Structures are given as C-alpha cells and as structure tokens.
Amino acid sequence: MMFSTVIDSTSWEEEQSTTTSLPSVHTNVENFTENRLTITLTEPRKNGDGSSGYISYLILTKTTLKNFSQKEYSVRRRFQDFINLHKALSEAHPASILPPAPGKHRMEYITGDRFSQEFIEKRRTALQSYLQRLSRHPILQKSEVLKTFLTEDLTAGTSTTTTDLDGEQKSTSRQRSNSSSNKVFESFSEVLLNAFSKVKVPDQKFLDLKGNIDNLEENLISVEKAHHRLLKQQTELEQDMTEFANCVIGLSEMETQIKLSINDFGKIVRNVTIALKDKLTVEETVYLNCIQEYISYCQQVKEVLKTRDQKQVDVEELDNYLKNHIADRDRTMSTSRFGGNRLTEFLQGKFQEIKGVDSEVARQQKLDKLALKITEVK
C-alpha cells in the first residue's frame, strides 16, 4: 500500500492573494507543468429563502489532465456538496493524505448573518483553497470522485451532487472490497484479528515520521495559542487607540489656538488605528487560518499512519496464521499410514480406524484443505 504525502509548495501570494510572503517549501513532488488542473470559485448566489436557503458557487475548471475529456468545465455547487466530496475522497483513497475538510469551525472568526457579504467571501476563499490543494495532489487530482464533482453539469441551485458522490463512493468501495479478497478473511473462522494489537516489527521510517509530525503539531499548536493571545492584546490596543484618537479630535475643539495641529494629530492616530485593524483582520483570517489548516494536516497524517499500522498488524497476524498451517501440513505429510511421529496423531489414527474411516483418505483430505487455506492466505 502506497501512502502519499503532498506538501503545498505554492507561494503565499498565489494562494492567499496578499502581499505577505513566506519561504517556499521544496519537496520532491513531481512537476505539474504538463498536467495542470486550475480551479476557481466565483459568482456566489443565494438560493431559496429562510432556513432552507443556501449559497451556491460557480466552479470554473481548466485542465490538461488526460482523464478529463474536455479542457474547460463549469458547475455550480453548495457547501454541503464539498462535505460530501471530502467524505467520498476519504473512502476512495484511504492511503492518501487529504487536505483539511472545509469545516464550519474555520468560520469561527466571522459573526453575524451567514448570508452576509463577509461570511460568503470568507467561505468562498476557504473552499477555493481546499479545491486548489486537491488539484495539486498527484493522486487526488486524477480521482474519479473529484472528476465527477468538477465536471457533472447540474441545474443551478440543486444539490444532486450529494446523491452522485454517495453513489460514486459506494461504487468505489464495492470495487475495492471485491479486489481485496475479503472472502479470504471470512473463511478464517479461527483467526481473531485484535484491533488493539501493536506492530511487532515496526518500520523505523514511519516511527521517525510520526515523531516528526507530533513535534510539528505541538509547535503549531503553541504558535496558534501564542498568536491568539497576541491578537487579543492587539485588539485591546486598537480599541484604546480608537478612543484616544476620538479624545484628541475632541480636544482640538477646545484648544482653538492649536486646533489644526491637534486635529491633524488625531487624524494620524485614527489612520494608524485603521491600519492596525486591517492588520489584525489579515492575520486572523489568513495567517491564523493557515496555521489551523496545517494542524489539521498533522492530524490527517497521523490517522493515515494509524491505518497503516493496523494493516501491518493484520499482515503479521496472517503471516503467523500461514506459518502455523504450513507446519500443520508438514506434520501431516510426515505421518505414515501405520503410525505417527507424535502420540496424539497416532491415537487419532487409531480412533479413525475404529470408526471405520480410512486414515490415509482422511490424511489426504486434511492435506487438501490445508493446501487450499495456504494458497488463500498467500
């Protein structure tokens, strides 16, 4: 099983559309210059009224990937469709590290009406960032689930995508289930695979990866907490400076001789306050949101590593099961018709003779069953 990790190397300016830049992360991820998938969210539209109302977004896709039959597509999707997309991708690609889902927790910094311009724009930005991360993933960008989401033309304002993606998810799950030879496990009534077992022979590479991810997550959480405290202090400073600017401007009305100078100073303080407020908004909605996404990435990596460990436990248990059956086959083959190399086998042979059962036929039947099980396990 191949476990894929993709770290976004796109510049800060390209993804967040701000003037702030961060050092790019260089990885050995393949160059996507020939297989490009560009996705843009635009034209948010309100559908319905009251509690049943929702916002849909126009998704424009341009691609040169070979699994797409056309170069350009346009579809309209709502927020719930993105949630279903993430669930379907998780089912279809359990060994891939998915970008953080566009969850509602990422909208905590927005208050007020969910149909407000601010809320809609922040959600649009978050959803587009999610799709851009998917488009840069070397496996997910070629997924049939993502292709269905980006290409199937639906009537504007409908939520048919939910059914379509669920159907795609179930179909993919059935195919993977059939190809994984589940019938082998069903025939092993003697084997109880313990979900709480630990890996007997751990791979040092994955142990190091988990340790690095734990350290990274711990550091990111520390940065997030520190930045929350800093934002709180700066917010209080912005409020105090706003009050101070109002007091200075009020003072200019009383000191007529230096009114212009005091008034100009008050305006400067107010401009500084506005700049500070804009800075806080950018840090809260862009920088802090990015930190939270990376924390979610760490959690996703650990979930995939946990799944891999469980698969290795299954393999180790089945390997032990296989060795036991091979040993049983060898013992059975070394048993002669007139006796056994062990007391129990000798007694079993005598008991079968008393019952009128041909021990040689019984031995051959047992060997056939063991050979079948050994073949299945292999």
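Numbers given to residues run from 1 along each chain, matching the order in which its sequence is written. pLDDT decides what is reported in this predicted model: residues at 70 or higher carry local features, side-chain atom pairs at 80 or more are listed and counted, and totals for whole chains, interfaces and linings draw on all residues regardless. The basis for every side-chain value is the complete set of non-hydrogen atoms in the structure, without hydrogens or water.

1. Let's talk about the overall build of the chain
Consideration 1: Strands here mean DSSP runs of E at least two residues long; helices mean DSSP runs of H or I at least four residues long; both are numbered from the N terminus. Along its length, the chain carries 10 helices and three strands.
Consideration 2: Going from N to C terminus, the chain has its helices and strands arranged as α-β-β-β-α-α-α-α-α-α-α-α-α.
Consideration 3: Relative to its 378 residues, the chain shows a buried fraction of 38%.
Consideration 4: Accessible surface, the chain as shown: approximately 23,100 Å² in total, 53% of it carbon and sulfur. Relative accessible area decides the class of each residue, using a 1.4 Å probe on protein chains only: under 20% of the type maximum gives buried, over 50% gives exposed, and in between gives partly exposed. Note on areas: Shrake-Rupley with a 1.4 Å probe; residue coverage comes only from the protein chains shown.

2. Examining the sheet that holds strand β1 (residues 37-47)
Consideration 1: Note: two strands are recorded as paired if DSSP finds a minimum of 2 bridges between them. Taken in spatial order, the three strands make up an open sheet running β1-β2-β3, and their pairing is antiparallel. In this open sheet, the two strands that pair with only one neighbour each are β1 and β3 (72-78). Shown here is a sheet whose adjacent strand axes are inclined to one another by a mean of 20°, direction ignored.
Consideration 2: In this sheet, β3 lies alongside strand β2 (residues 54-63) in antiparallel orientation, the contact comprising seven bridges. Bridging from a neighbouring strand, T61 pairs with Y73 of β3.
Consideration 3: Packed on one face of the sheet, helix α3 (residues 117-135) meets β1 and β2 and runs near 155° to β1.
Consideration 4: It only takes one pair of heavy atoms within 4.5 Å for two residues to be counted as in contact. Axis geometry follows a simple rule: fit a line to the C-alpha atoms, using only the stretch in contact for helices, then measure angles between N-to-C directions, giving values from 0 to 180 degrees. Of the strands in this sheet, β1, β2 and β3 touch helix α4 (residues 144-151), which is tilted by about 85° from β3.

3. Overview of the pattern of salt bridges
Pairing between side chains becomes possible if they bear opposite charge and their charged atoms approach one another.
Consideration 1: When a carboxyl oxygen of Asp or Glu lies within 4 Å of a side-chain nitrogen of Lys or Arg, that pair is called a salt bridge. Evaluation of the coordinates by the stated rule reveals 12 salt bridges.
Consideration 2: Between K302 and E217 there is a salt bridge whose closest N-O contact spans 2.5 Å. One end of the pair, K302, is in helix α8 (residues 259-333); the other, E217, is in helix α7 (residues 204-254), and 85 residues separate them in sequence.
Consideration 3: For K302, a relative accessible area of 25% translates into the label partly exposed.
Consideration 4: The class of E217 is buried, set by a relative accessible area of 8%.
Consideration 5: When the shortest N-O distance is used, the salt bridge between R331 and D328 registers 3.6 Å. Taken together, the positions of R331 and D328, both in helix α8 and three residues apart, correspond to about one turn of that helix.
Consideration 6: Residue classification places R331 among the partly exposed positions, given a relative accessible area of 27%.

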